[in-house]
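Chain by chain, the residues run as shown.
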Amino acid sequence: AEAYANSFSKRAKELTEKMSGFQIDADGNTTMLNTPSLGIDPDAVMNAQAVYAQMADSIGLTGETALNASKALTMLGADWASLKNISFDESWKKFQSALAGQTMPVRALGIDITQATLAIYAQNYGLKQNISSMNQATKTQLRLIAILDQSKVAFADLANTIDVNEELTIVA
C-alpha cells in the first residue's frame, strides 16, 4: 500500500508540474520550473486530482485505474474550461457533480449521462443488468466512460489554443 501511495504521489506531482509549471516538494512548497506548462494554479490541479482520486476509490477503482481516471478528468476539465471559456474550477466541479449522478452540469457541455444513455453504454459493454438495479459504483463507472467518450471534441484544447488571447484570461 505504501508503494502505491508513493507511486501515486510521484505521478500526481508530475502531472501538476506539466499543468502548472511548478514543482511541489514534500512540504508543499512550490518552485517555478523553466519548462513549458499550461500555467494552471498548482493548488487547483492537486485539489482536482485528489477529489477525483477519492471518487475513483469510492467506486472501487484501484491502482492504475484510479490514477488514470483522476489524471484524465483533471486534464479533461482543463480542456473543457478552455473550449467553453469557463474557469477550471467550474469545469472540474461539473465533472465531480456528474460522477455523483447529476446530469445538468455536464449537459451544459453537451454531455449526456442520463439513465437512457448509460443503458446504451452498459449494453455496448455487455452488461445485461437494468440501470436502475445497478449499484452506484457501476453507474459511476458508466458515467465516467460516457464522459470520456463524449468529450473527444475537447481533448487537448487547452494545449492547442494556449496562445490565443482568450485563453490567457482563463489561465490568469
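Chemist: Which parts of the structure should I look at to understand helix α7 (residues 136–149)?
Modeler: Residue pairs three or four apart in sequence face the same way in an α-helix, which turns once every 3.6 residues. A rise of 1.5 Å per residue sets the reference length of α7, with its 14 residues, at 20 Å; its end C-alpha atoms lie 20 Å apart and thus fit the reference within 8%. Within α7 the residues assigned to the buried category are K139, T140, L142, R143, L144, A146 and I147. Considering only its buried residues, α7 is in contact with α3 (63–84), α4 (88–99) and α6 (115–124). Backbone nitrogen of A137 and a side-chain oxygen of the N-cap are separated by 3.2 Å at the start of α7; the cap is N135.

Chemist: What should I look at first to understand the packing of α3 against α7 in this one?
Modeler: Closest axis-to-axis distance for the α3/α7 pair is 11 Å, and the angle between their directions is 40°. Our classification of the angle between α3 and α7 gives oblique. In the packing of α3 onto α7, the handedness of the crossing is left-handed. Seen from α3, the contacting residues are A69, A72, L73 and L76; seen from α7, they are L144, I147 and L148. Looking at the contact of α3 with α7 residue by residue, the classes come out as seven nonpolar, no polar and no charged.

Chemist: Help me understand the packing of aromatic side chains in this model?
Modeler: One pair of aromatic rings is described through two measures. These are the centre distance and the angle between the planes. Counted by the stated rule, this structure contains one aromatic pair. Ring centres 5.8 Å apart and planes at 25° place the aromatic pair F88 and W92 in the stacked group. Remark: W92 and F88 occur in helix α4; sequence separation between them is four residues, near one turn of the helix. On the accessibility criterion, W92 (3% relative accessible area) is buried.

What counts as what
Residues numbered from 1 in each chain as written. Predicted model: local features only at pLDDT ≥ 70, side-chain atom pairs only at ≥ 80, totals over all residues. Heavy atoms only, no water. Helix = DSSP H or I, 4+ residues; strand = E, 2+ residues; numbered from the N terminus. Expected span 1.5 Å × (residues − 1). Buried < 20%, exposed > 50% of the residue type's maximum accessible area, 1.4 Å probe, protein only. Contact = heavy atoms within 4.5 Å. Polar contact = N/O pair within 3.5 Å; in protein donor to acceptor, adjacent residues only side chain to side chain. Axes fitted to C-alpha atoms, helices over the stretch in contact; angles between N-to-C directions. Parallel < 35°, antiparallel > 145°, perpendicular 65-115°, else oblique. Left-handed = near helix turned anticlockwise from the far one by under 90°. Nonpolar A, V, L, I, M, F, W, Y, C, P; charged D, E, K, R; others polar. Phe/Tyr/Trp six-rings, centres within 6.5 Å; stacked < 30°, edge-to-face > 60°.

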